[in-house]
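Okay, here's what each chain looks like letter by letter:
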Amino acid sequence: QAQLVESGGGLVQAGGSLRLSCAASGRTFTSYPMGWFRQAPGKEREFVAGITWSGGNTGYGDSVKGRFTISRDNAKNTLYLQMSSLKPEDTAVYYCAARRSQFGTMYGTYESQYDFWGQGTQVTVSS
């Protein structure tokens, strides 16, 4: 059974850094575009970052541009999100997702474009 498992969340002070990981198992996701989303309390889930299967194309939500970096290691079937200069408004549950598609498909920026989801990892940024 295909599964995505996030890790690396936690409590960090404003200005600090965290690296999230998303380990895939049960099937290979190497041909799938993948993304990170987040959901803060009382808010809708929002797009954070996306990456194509090769890593050659990446994209970010406006609120995280210049601070977050998405990457992947297909040999390890793992997705990463390096978060720097964290702000209290980055506090949320972070989810990784995979889009079932052919090679060359772009990542999506909408939840509905993704087929597999992890359970999420909590990131809390204190001021």
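Residues numbered from 1 in each chain as written. Predicted model: local features only at pLDDT ≥ 70, side-chain atom pairs only at ≥ 80, totals over all residues. Heavy atoms only, no water.

The next thing to look at is the side chain of E6. With respect to the helices, strands and loops of the structure, E6 is situated in strand β1 (residues 3–7). No salt bridge is formed by the buried E6, whose closest oppositely charged neighbour, R45, lies at an N-O distance of 7.6 Å. A distance of 2.9 Å separates a polar atom in the side chain of E6 from the backbone nitrogen of C96. Here G120 takes part through its backbone nitrogen, which lies 2.8 Å from a polar atom of the side chain of E6. (Helix = DSSP H or I, 4+ residues; strand = E, 2+ residues; numbered from the N terminus. Buried < 20%, exposed > 50% of the residue type's maximum accessible area, 1.4 Å probe, protein only. Lys, Arg positive; Asp, Glu negative; His and termini not counted. Salt bridge = Lys/Arg side-chain N within 4 Å of Asp/Glu carboxyl O. Polar contact = N/O pair within 3.5 Å; in protein donor to acceptor, adjacent residues only side chain to side chain.)

Within a sheet, each strand pairs with its neighbour through backbone hydrogen bonds, oriented either parallel or antiparallel. Spatially, 4 strands are ordered β1-β3-β8-β7 in an open sheet, and the strand pairing comes out antiparallel. Each edge of the open sheet carries a strand with a single partner, namely β1 and β7 (68–73). Going across the sheet, the axis of each strand differs from the next one's by a mean of 15°, ignoring polarity. Of the strand pairs in this sheet, β7 and strand β8 (residues 78–83) are connected by 6 bridges, and their pairing is antiparallel. Following the sheet pairing, R72 is matched in β8 by L79. (Pairing = 2+ DSSP bridges. Axes fitted to C-alpha atoms, helices over the stretch in contact; angles between N-to-C directions.)

What follows is about the packing of aromatic side chains. Inspection of the entire model under this criterion finds 8 aromatic pairs. Aromatic pair F29 and F116: ring centres 5.3 Å apart, planes at 90°, arrangement edge-to-face. Placement of F29 in the loop between β3 (18–25) and β4 (34–39) and of F116 in strand β10 (residues 116–117) is noted, with a sequence separation of 87 residues between them. Residue classification places F29 among the buried residues on the basis of a relative accessible area of 0%. By relative accessible area, F116 is classed as buried at 15%. Where F47 meets Y107, the ring centres are 6.2 Å apart and the plane angle is 5°; that geometry is what we call stacked. Of this pair, F47 sits in strand β5 (residues 46–51) while Y107 sits in the loop between β9 (92–98) and β10, and the two are 60 residues apart along the sequence. What makes F47 buried here is its relative accessible area of 14%. (Phe/Tyr/Trp six-rings, centres within 6.5 Å; stacked < 30°, edge-to-face > 60°.)

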